[in-house]
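Descriptive structure summary
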Amino acid sequence: MASNLVSKLFRPSVFTQLASLRSGVGSWGKAAAGVRHFSSDPPPENISRYPVPYKKELPYDIVELMEEVESKGGFLPNVFKVLSHRPAEFRAFFAYYNELMNKETGRLTKADRELIVVATSIHNKCLYCVVSHSALHRIYSKKPTLSDQVVVNYENAELSPRERAMLDFAMAVCRCDTITEQHFQSLEEVGFDREDAWDIAAITAFFAMSNRLAHLTDMRPNLEFYNMGRLPRDKSKDKGQTEPSKQLSTPLTNREDKVSALSGQPGNYVKSLETASMKLGADIRMVKVQMMEKREKATRHSRSTTAAANFHSLQMASALSWSRNRWAMYDTSSKMRWISGGGMLTPIPGPTPIPRPPTPLPTPPVGSASLLREPWARPPSATPESLEGCYQLWLRVLRE
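Summary of the structure given here. (Residues numbered from 1 in each chain as written. Predicted model: local features only at pLDDT ≥ 70, side-chain atom pairs only at ≥ 80, totals over all residues. Heavy atoms only, no water.)

Right, let's get into the pattern of salt bridges. Taken as a whole, this structure holds 12 salt bridges when the rule is applied. The partner of D61 in a salt bridge is R91, and the shortest N-O contact between them spans 2.7 Å. With D61 in helix 3 (residues 60–73) and R91 in helix 5 (residues 87–101), this pair connects stretches of sequence that are 30 residues apart. For D177, the salt bridge identified is with R175, shortest N-O distance 3.3 Å. Note on D177: relative accessible area 33%, which makes it partly exposed. (Salt bridge = Lys/Arg side-chain N within 4 Å of Asp/Glu carboxyl O. Helix = DSSP H or I, 4+ residues; strand = E, 2+ residues; numbered from the N terminus. Buried < 20%, exposed > 50% of the residue type's maximum accessible area, 1.4 Å probe, protein only.)

What follows is the structure in structure tokens.
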């Protein structure tokens, strides 16, 4: 029996398994000797598979917005860092976010909007939106457990009829169900109207896009979100202390200090996020208006300047051309009259006469060849030589 046990123990397969196990233990021991991991240590921070730009590489308005959120809330949500990879889309994203989540019209409260995001994001399996907006819902609703119930199964959660009808409609939009009049009637029975249905559908659609961007980038939630809004704030401790905003404005060196501070004072983060999103939307609108005004002003100035320059150039060219033509006609006629034996013509009146000094008119001897060299000389009589000179002069004038 002992021999059978030994033979079973020392089979080739058992030898190979033990050898592999020994080699694996040895290699793990070598790796562990270099880097030691503990179960209490947080995992290394890796918020996106896309590169996160440095602040010096970002536009000034985005850096200013990030610093404001971080200074007032105590930490910067990772969605700001991830979406800053594309600044133009960053601005468009948070401008639309502000229009949907911070509007003051309609019958949806801020807690309702956050609950819609939680319910639809869990259907889309988005970790970041579920964790972050669950924290915001806990702050707005003052219910620390309702969002967790919705994450598990909203149909079994402790919801009011109004909240259940709202989430039923949101999930119908999220699942791309065919929307019928029955869906609108269900909302109207609990006090919603058609505009509220639009808000519910818009929030659902916007965060469906956000969920997929989070999937693409592998966006990870901040650790501060997990404890936010779970513990009620102890107001008795704040009587002898400074204001919460001043407390959170001081730098927190340790990550656990930030988490503990924000778990007791979550309102600062929410206010900073609302203020930042509203400010970003206002800044974008102001920049667009300023750009349109500058573009229109530049266009008007360019058109007026071009038109004035063209008109002035045309006026100067036409006046100069007309003056030159008139004086050319005058000079040609005068020269021809002198050559043919006539007198000087009276100057033709023009708009801009060109003054010229009087030219002496020497009288060469009759029959001399100086007529061709001095065409302005007045011959005493019409001779064949003078006619030939007149012809040569006319050819010279035409060539000039």
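Position of H137 among the secondary structure elements: in helix 7 (residues 127–141). The contacts of H137, once residues within four sequence positions are left out, are A111, E114, L115, K142, L146 and S147. (Contact = heavy atoms within 4.5 Å.)

Where helix 6 (residues 110–123) meets helix 11 (residues 194–217), the closest approach of the two axes is 9 Å, and the angle between their N-to-C directions is 50°. Judged by the inter-axis angle, helix 6 sits oblique to helix 11. Considering the relative orientation of helix 6 and helix 11, their crossing is right-handed. Contacts between helix 6 and helix 11 involve R113, I116, V117, T120 and S121 from the former and D199, I200, I203, T204, F207 and N211 from the latter. Among the residues making up the contact of helix 6 with helix 11, the classes are represented as 5 nonpolar, 4 polar and 2 charged. (Axes fitted to C-alpha atoms, helices over the stretch in contact; angles between N-to-C directions. Parallel < 35°, antiparallel > 145°, perpendicular 65-115°, else oblique. Left-handed = near helix turned anticlockwise from the far one by under 90°. Nonpolar A, V, L, I, M, F, W, Y, C, P; charged D, E, K, R; others polar.)

The next point concerns the environment of D168. Among the secondary structure elements, D168 is positioned in helix 9 (residues 161–174). Residues D168 and L187, spaced 19 residues apart in sequence, show a C-alpha to C-alpha distance of 9.3 Å.

So, on to helix 8 (residues 146–153). Among all positions in helix 8, only L146, S147 and V150 are buried. Seen along its axis, helix 8 keeps its buried residues to an arc of 100°; they face one direction. Here the buried face of helix 8 lies against helix 6, helix 7 and helix 9. (Arc of directions from axis to C-beta.)

Attention now goes to empty space enclosed by the protein. By the definition in use, this model includes 4 cavities of 30 Å³ or more. Approximately 220 Å³ is the volume found for the largest cavity. Elements represented by at least two residues in the lining of the largest cavity include exactly helix 4 (78–83), helix 5, helix 7, helix 11 and helix 15 (267–340). Tallying contributions element by element places helix 7 first for the lining of the largest cavity, with 5 residues. Of the residues in the lining of the largest cavity, the class split is 17 nonpolar, 3 polar and no charged. (1 Å grid on protein atoms, 1.4 Å probe; cavity = no way out; pocket = protein on both sides within 12 Å on 5 of 7 lines; lining within 4 Å. Points joined across faces, edges and corners; volume = space filled by probe spheres on them.)

What the rule picks out here adds up to 12 aromatic pairs. Summarising the aromatic geometry, the rings of F90 and F94 are spaced 4.8 Å apart at their centres and angled 50° between planes, so their arrangement reads as tilted. Here F90 pairs with F94, and both are found in helix 5, just 4 residues apart, close to one helical turn. When its relative accessible area of 0% is taken as the criterion, F90 is described as buried. The exposure class of F94 is buried, given its relative accessible area of 4%. Taking the centre distance of 6.2 Å and the plane angle of 85° together, the rings of Y128 and F225 count as edge-to-face. Placement of the pair is Y128 in helix 7 and F225 in helix 12 (residues 224–227), with a sequence separation of 97 residues. Residue classification places F225 among the buried residues on the basis of a relative accessible area of 1%. In this structure an aromatic cluster arises from ring pairing among F80, F90, F93, F94, Y96, Y97, F206 and F207. Between the NZ or CZ atom of R194 and the centre of the ring of F184, over which it lies, the distance is 4.2 Å. (Phe/Tyr/Trp six-rings, centres within 6.5 Å; stacked < 30°, edge-to-face > 60°. Lys NZ or Arg CZ within 6 Å of the ring centre and 35° of its normal.)

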